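For reference, the chains in residue letters:
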Amino acid sequence: MEDPNDPLVHEAPRTALDDCVRENPTGAILAALGIGLAAGLLVHLLRPQPQPRSRVKQLLEEIRERLHDLTDPAMEHLGELADDGSDALKKSIACAGNAASSRLRSLSSKAAGMFR
């Protein structure tokens, strides 16, 4: 009976394989290529295909991210323009308020002078 721990027991099949590869290297390469293609095809066929709904969801998410990347600089610029516009409006209101206030003071002093 052979001892399974004996290194010579495992050496024989490996030696036979080495001899076969050395005698027919082209066949060994073609066999390895065929095994690799078969394994790749098997993995491809066994992988679950994405459902159409999840694929559409993924595509829409990618489109949303790309649009966000494209529009983000424009939105920042629009924010800056809105800030500038609000500052200009505040200054205009302040100037108009000052002008209206001085006009009211002038009118009230004229009205007061009429009643004296």
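All of the points below concern the structure found in this document. All figures in this text were calculated on a predicted structure; none of them were measured in a lab. (Residues numbered from 1 in each chain as written. Predicted model: local features only at pLDDT ≥ 70, side-chain atom pairs only at ≥ 80, totals over all residues. Heavy atoms only, no water.)

**Regarding the pattern of salt bridges**
Oppositely charged side chains can form a pair if their charged atoms are brought close together. The final tally for this structure, using the stated rule, is 1 salt bridge. Taking the shortest distance from any N to any O, the salt bridge between Glu 61 and Arg 64 comes out at 2.8 Å. Within this pair, Glu 61 and its partner Arg 64 are both found in helix H3 (residues 52-114), separated by 3 residues, close to a single helical turn. Judged by its relative accessible area of 33%, Glu 61 falls in the partly exposed class. What makes Arg 64 partly exposed here is its relative accessible area of 48%. (Salt bridge = Lys/Arg side-chain N within 4 Å of Asp/Glu carboxyl O. Helix = DSSP H or I, 4+ residues; strand = E, 2+ residues; numbered from the N terminus. Buried < 20%, exposed > 50% of the residue type's maximum accessible area, 1.4 Å probe, protein only.)

**What about a nonpolar patch on the surface?**
On the surface, a nonpolar cluster with roughly 500 Å² of combined accessible area is contributed by Val 56, Leu 60, Ile 63, Leu 67 and Leu 70. Within the secondary structure layout, Leu 70 lies in helix H3. Relative accessible area serves as the criterion here: at 64%, Leu 70 is assigned to the exposed category. (Patch = residues over 30% accessible without salt bridge, like charges linked within 9 Å, V, L, I, M, F, W, Y side chains within 5 Å. Areas by Shrake-Rupley, 256 points an atom, 1.4 Å probe, with all protein chains shown as cover.)

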